[in-house]
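Structural overview for review
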Amino acid sequence: MPKAQLTVFITRPIPTECIVALKKYARVIIRRTDSIITRTELLRGIRQADILLPILTDAIDDQVLAAAPKLKLIANFGAGYNNIDVTAATKRGVLISNTPDVLTDTTAELAITLLLAVARRVVWADQQMRTGRYPGWGPLQYLGHGVSGKTLGIIGLGRIGSRVAEIAHHGFGMHILYYTKHKERDVEKSLGAKKVPLTSLLRRSDFVTLHVPLTRETTHLISQPQLAQMKSTAFLINTSRGPVVNEAAVVQAVRQQRIAGAGFDVYEHEPRLTPGLAALPNVVLLPHIGSATHETRVAMGMLAVKNIIAFIKHQRLPSVVNHPARSV
Ligand code: DGY
């Protein structure tokens, strides 16, 4: 298949170096507007595309796939790919790739940032300074919670969860509990981590951090009954996907002091906030910046491009998600 015949549609501006690399191998149509693509634009843009490079806010469902008769590959810009109907794409013979690994450290760093921020009330304290409310040092002022030596419960011990465990254990001497399907013997050996049932993790942890993909099983994994099992001094951190958490239940739990607070980078109704969340001073809210460093966004773009180039060259893709029986 001559390379010039393949058209790649990119739904959102991505780092320039990625586009330069891709243009050597394919015809590239890039949507220049830096805002979420509308459904109409997506359906129009995908019509001529052999390859789509979408981002995590683009819902690639069966209707979109039906509008793309030439589509052969979806090279998602993102590790999570819950924005794509994998079953529908697979049925239509469309390959899917993602961008794992390159964002592991960056996202783990942000989970730890949120953990420290909620524990030490950093954002609220900053606001006190800026609004001229700091009256001078006092022994009982601005008290938060310590992190060192505390227990961290990690739900989902994949790449990012494992990296969070390492930083927390080696950096702060935290005790690691984890909840996953499979026992992670290496992490148990190197960090003394313990696999426990979810209930036990929630009951024993001072901080609970979420690192699961969004699936039917993980939707609202943390809801009112789970929050009720947490310590009243514990914090919930979510850098995975918003709908893993029932945010209305978190608002209630924090208001009623059934948990101490929360740190979110992702939202159930992203980019909208659940009513009540923004009014809680012991909740830190970030705009989905888990992978937002210059280096990581270039690395993510380059990995998406490498997947496309490998596909064009009929080579094995570095990070493929599905295995359609028949590729169009
Ligand atoms: C991903 O790649 O899934 C992340 O959420 C982006 O930060």
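Residues numbered from 1 in each chain as written. Predicted model: local features only at pLDDT ≥ 70, side-chain atom pairs only at ≥ 80, totals over all residues. Heavy atoms only, no water.

**Observations regarding unusual backbone geometry**
Each neighbour pair has its own omega, and for E270 with P271 the value is 5°, a cis peptide bond. Structurally, P271 can be placed in the loop between strand 11 (261-264) and strand 12 (283-285). Phi is positive for R121, close to 55°, though the residue is something other than glycine. Relative to the elements of secondary structure, R121 occurs in the loop between helix 5 (104-120) and helix 6 (122-130). Backbone geometry places H220, a non-glycine residue, at a positive phi of 55°. Judged by relative accessible area, which is 32%, H220 ranks as partly exposed. (Helix = DSSP H or I, 4+ residues; strand = E, 2+ residues; numbered from the N terminus. Buried < 20%, exposed > 50% of the residue type's maximum accessible area, 1.4 Å probe, protein only.)

**Quick look at helix 11 (residues 247-255)**
The set of residues buried in helix 11 consists of E247, A249, V250, V251, A253 and V254. Those residues of helix 11 hidden inside the fold are in contact with helix 10 (224-229), strand 10 (235-238), strand 11 and strand 12. Put simply, N246 is the residue that caps the front of helix 11, since its side-chain oxygen is 3.2 Å from the backbone nitrogen of A248. Positive backbone phi, approximately 55°, marks Q257, located one or two places after helix 11. (Contact = heavy atoms within 4.5 Å. Polar contact = N/O pair within 3.5 Å; in protein donor to acceptor, adjacent residues only side chain to side chain.)

**Digging into the pattern of salt bridges**
Per the counting criterion, the structure on display carries 11 salt bridges. Among the salt bridges present, the one from D101 reaches R159, with a minimum N-O distance of 2.5 Å. Here the residue D101 occupies a position in the loop between strand 5 (95-97) and helix 5, and R159 occupies one in helix 7 (residues 159-172), the gap between them amounting to 58 residues. For D101, a relative accessible area of 48% gives the class partly exposed. With a closest N to O distance of 2.6 Å, R163 and E166 form a salt bridge. Taken together, the positions of R163 and E166, both in helix 7 and 3 residues apart, correspond to about one turn of that helix. Members of the salt-bridge network, linked through shared partners, are D105, R163 and E166. (Salt bridge = Lys/Arg side-chain N within 4 Å of Asp/Glu carboxyl O.)

**A few points about the domain arrangement of the chain**
Its domain assignment divides the chain into domain 1 (3-100 + 293-312) and domain 2 (104-285). Taken over C-alpha atoms, the centre of domain 1 sits 32 Å from the centre of domain 2. With 6 residues of domain 1 at the contact, the number on the domain 2 side is 4 residues. Inspection of the region where domain 1 meets domain 2 yields 0 salt bridges. There are 2 residue pairs in polar contact (both at pLDDT 80 or more) connecting domain 1 and domain 2. Here the residues of the side of domain 1 that touches domain 2 are counted per class, giving 2 nonpolar, 4 polar and no charged. (Domains from an automatic or database assignment. Nonpolar A, V, L, I, M, F, W, Y, C, P; charged D, E, K, R; others polar.)

**A few points about the sheet that holds strand 10**
Strand order in the open sheet formed by 7 strands is 8-7-6-9-10-11-12, and the pairing between neighbours is parallel. The open sheet terminates on both sides in strands that have one partner only, identified here as strand 8 (194-195) and strand 12. As judged from the 2 bridges shared by strand 7 (residues 175-179) and strand 8, these two strands associate in the parallel manner. Note that in strand 8 the partner of Y178 across the bridge is K195. Those strands touched by helix 5 are strand 6 (151-155), strand 9 (207-210), strand 10, strand 11 and strand 12, and its axis lies near 150° from that of strand 10. (Pairing = 2+ DSSP bridges. Axes fitted to C-alpha atoms, helices over the stretch in contact; angles between N-to-C directions.)

**Description of the nonpolar core**
Membership of the largest hydrophobic core comes to 57 residues, with the highest contact counts inside it found for I10, L152 and I308. Looking at which element gives the most residues to this core, the answer is helix 5, with 9 residues. Formed jointly, this core draws a minimum of three residues from each of two domains, domain 1 (3-100 + 293-312) and domain 2 (104-285). Non-local contacts of I308, meaning those with residues more than four positions away in its chain, are made with V8, L22, I51, L53, L73 and A75. Ranked by size, the runner-up nonpolar core spans 29 residues in total, among them L201, V212, L221 and F264. (Core = buried A, V, L, I, M, F, W, Y, C linked by side-chain atoms within 4.5 Å.)

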